[in-house]
Number of protein chains: 2
Amino acid sequence: MATFSPLIDRLLETLRVLPGVGPRSAQRMAFHLLERDREGGQRLAQVLSEALEKVGYCERCRNLTESRLCSICEQSRRDDHSLCVVESPADLLAIEEAGGFNGRYFVLHGHLSPIDGIGPEALGLDLLERIVSERQVSELILATNPTVEGEASAHYIAEQLRSLGVRCSRLAYGVPMGGELEYVDGGTLSRAFMGRQPFE
Amino acid sequence: MATFSPLIDRLLETLRVLPGVGPRSAQRMAFHLLERDREGGQRLAQVLSEALEKVGYCERCRNLTESRLCSICEQSRRDDHSLCVVESPADLLAIEEAGGFNGRYFVLHGHLSPIDGIGPEALGLDLLERIVSERQVSELILATNPTVEGEASAHYIAEQLRSLGVRCSRLAYGVPMGGELEYVDGGTLSRAFMGRQPFE
C-alpha cells in the first residue's frame, strides 16, 4: 500500500495506537480528518497532547486528574468511612454510573503481578494504608476484577490491612441481571449457587 | 458524568471527531492512552498535527500528498492515456488495491452539489480539462459513485470534455461477485439484467 505519501502512511500507522483501530478504520479516520475535518483533527491533536502531558493521579485516591485532587475527592458530601478499591479509572466510572455507592475510591492502576514486576508499591498500597488509618475508614470494598489476579490482589490487600481493624468486603458473585441462565458460564453459576440467598 | 476532570472530559469529547467513535470508545481510547500508552498518544498527536498541516493535494491529480506530486503521479511506468476520475482518495485506494488498472487518476474530492455550493471549480474540472488536452488522454474512466450525485457528476464531466474528443467510460453495473442474488437490491438486479452479457 504505497499509494500515499510517507506522512500519510505514518499517520495511518500511528492511528493504530488507539485500541480497536485496525488498518481499515485508521484509513477511514485519516481520510475523514484530512478531507472533511482538519480543524477538528487539529483540536484533537492539541487536546490529546495537553491531556497526556498534564493528567496525573489524584494525590488522595490516584484517580486520573490534572488537578491536585480529583472531582470525587473534592466533593465534601461523600461518606469518608467507606472506601472502594478498584483496578482502573474505567472501573471507578462504571461504579459511579451504576450509582448507589456514595463513599470514596482508591485506584490501584493494575493488580499485583510479580512476573511483570508489579508489586505493592506500584499499586500505591502504602498510600492506601495511610488513608485507611488516618481517615477512619471503616469499610474497605475490594472491587478488583473477578479474575485470578484481581482475587489475589484483594486477598493481599485484606491481609495487609487486617491489623488496622478495617472491615473488608468484596462484591457479590452471581448471575448477572437480565441474562439467561443458559448462557451463564459454569464458574459463575456454581458461585451463584454457593452464595444463594434466602428468598424474600 | 462529572467524574473526571475538565481536561479529561474535553479529551473524551474531542476524540469523537473521529468517525465511528461514540462515548464508549472515546472513553476506552482515552483510558488506554492515559493509562498504558502515553508515548504512543504523544506520537499520534504530533503526527496528526503534522499531517493535517502539511498534507495537501497533488498538483496534477489532486490525490492527497505532502509533496508536489503524489506517489502515483511520480511513477513513470503508468499509462498516461488512461485517466480514472474518482470522488475521493479512499476510492482511489480501493481501485489500486483491487489491482488491474495501470493508468493515472484524478480526484474530485466530492461530487457536483449545487445546493451545497459545490460547482465545477471546487472539483477541479478546469485542471482536469487541461490535463486531458495536454497529456493526450484517450480514455476517461468516470468512476464516481453509483449514486444520483455521482451519476450527475459523471454526466456533467463527459459533457464538458466531449469537445476534446476523449472517450468516456463508466464502471459496469451489475451483481457483486460472491454475493447471493436473493440479497441483491432490485435496482442493481434490473441494471444487471439490462447489461447482461453473451455467455462465453
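Just so you know, the residues in each chain are numbered from 1, in the order the chain's sequence is written. All chains are assigned letters beginning at A, and all ligands numbers beginning at 1, according to the order in which they are written. For a predicted model such as this one, the threshold for reporting local features is a pLDDT of at least 70, and the threshold for listing and counting side-chain atom pairs is 80 or more; totals across whole chains, interfaces and linings nevertheless cover every residue. Side-chain measures were taken over the full set of non-hydrogen atoms in the model, leaving aside hydrogen atoms and water.

## Details of the nonpolar core
It is characteristic of soluble globular proteins that their nonpolar side chains tend to be buried jointly. Using the following cut-off: We call a set of buried residues a nonpolar core when its members are Ala, Val, Leu, Ile, Met, Phe, Trp, Tyr or Cys and they connect through side-chain atoms within 4.5 Å of each other. Under the scheme applied here, a residue whose accessible area is under 20% of the maximum for its type counts as buried, over 50% as exposed, and between as partly exposed, the area being computed with a 1.4 Å probe on protein chains only. In this description a helix means any DSSP run of H or I spanning at least four residues, a strand means any run of E spanning at least two, and both kinds are numbered starting from the N terminus.
If you look at the biggest cluster of nonpolar residues, it comprises 48 residues, and the most contacted ones within it are Leu-18 of chain A together with Leu-18 of chain B. Where this core is concerned, the elements lending two or more residues are helix H1 (6-14), helix H2 (23-36) and helix H3 (38-54) of chain A together with helix H1 (6-14), helix H2 (23-36) and helix H3 (38-54) of chain B.

## A look at the UniProt feature "domain: Toprim" (unreviewed entry) in chain A
For clarity, the threshold we go by: UniProt positions are given in the numbering used here, feature names are shortened, and annotations may be inferred rather than shown by experiment.
UniProt annotation of "domain: Toprim" (unreviewed entry) refers to residues 81-176 of chain A when read in the numbering used here. Secondary structure across residues 81-176 of chain A comprises 35% helix and 20% strand; the distance between its end C-alpha atoms is 28 Å.

## Some thoughts on the relation of the copies chain B and chain A
Convention followed: When the copies are superposed, the least-squares fit takes in the C-alpha atoms of residues with a pLDDT of at least 70 in both. Whether two residues are in contact is decided by their heavy atoms, any of which lying within 4.5 Å being enough.
Between chain B and chain A, which share one sequence, the superposing operator has a rotation angle of 180 degrees and an axial displacement of 0.0 Å; the RMSD is 0.0 Å. Seen this way, the second copy is the image of the first under a two-fold rotation axis. Nearest to the rotation axis, the C-alpha of Ala-45 of chain B is located 2.1 Å from it, this being the minimum over chain B. When the interface residues of chain B are mapped onto chain A, 100% of them are again interface residues, pointing to one common binding face.

## A short note on the interface of chain B and chain A
What counts here: Note: buried area is the sum, over both parts, of the accessible area (probe 1.4 Å) each one loses when the two are combined. Note on definitions: salt bridges are taken to be side-chain nitrogens of Lys or Arg within 4 Å of carboxyl oxygens of Asp or Glu. The definition of a polar contact used here is a pair of N or O atoms within 3.5 Å, where within protein one atom must be able to donate a hydrogen and the other to accept one, and adjacent residues in sequence count solely through side-chain atom pairs. Under the convention adopted here, Pro, Cys and the residues Ala, Val, Leu, Ile, Met, Phe, Trp and Tyr are nonpolar, Asp, Glu, Lys and Arg are charged, and Gly plus all remaining residues are polar.
With 58 residues of chain B at the contact, the number on the chain A side is 58 residues. Contact between chain B and chain A buries roughly 5400 Å² in total, counting both sides, with carbon and sulfur atoms accounting for 68%. Inspection of the chain B/chain A interface yields four salt bridges. A salt bridge links Glu-50 of chain A to Arg-10 of chain B; the nearest nitrogen and oxygen atoms lie 3.1 Å apart. Linking chain B with chain A are 16 residue pairs in polar contact (both at pLDDT 80 or more), by the criterion used here. Those elements giving two or more residues to the side of chain B that touches chain A turn out to be H1, H2, H3, strand S2 (64-65), helix H4 (71-74) and helix H5 (89-98) of chain B. Examining the composition of the side of chain B that touches chain A, we find that 16 residues originate from one element, H3 of chain B, more than from any other. Considering only residue class, the side of chain B that touches chain A consists of 30 nonpolar, 15 polar and 13 charged.

## Quick look at the sheet that holds strand S3 (residues 79-86) of chain B
Residue and element names in this part refer to chain B. As a reminder of what qualifies: Any two strands between which DSSP finds at least two bridges are classified as paired. Between N-to-C directions, angles span 0 to 180 degrees; the directions come from axes that are lines fitted to C-alpha atoms, helices contributing only their stretch in contact.
Read from one edge of the open sheet, four strands run S4-S3-S5-S6, paired in parallel fashion. In the strand order of this sheet, the two ends are held by strand S4 (103-107) and strand S6 (167-170), each with one partner. Across this sheet, the average inter-strand angle for adjacent strands is 25 degrees, counted without regard to direction. Sheet topology note: the S3/strand S5 (residues 139-142) ladder contains four bridges and is parallel. Bridge pairing in S5 places Leu-83 opposite Leu-140.

## Considering the sheet that holds strand S5 (residues 139-142) of chain A
All names here are of chain A. Across the sheet, which stays open at both edges, the four strands sit in the order S4-S3-S5-S6 with parallel pairing between neighbours. Each having just a single partner strand, strand S4 (103-107) and strand S6 (167-170) make up the two edges of the open sheet. Mean inter-strand twist for the sheet, computed between neighbouring axes without regard to direction, equals 25 degrees. Bridge count for strand S3 (residues 79-86) against S4 is five bridges, and the pairing is parallel. The residue of S4 that forms the bridge with Val-85 is Phe-106. Packing against the sheet, helix H5 (residues 125-134) makes contact with S3, S4 and S5, and its axis sits at approximately 160 degrees to S3. Contacts between helix H6 (residues 148-161) and the sheet are confined to S3, S5 and S6, with S5 contributing the most and set at about 165 degrees to the helix.

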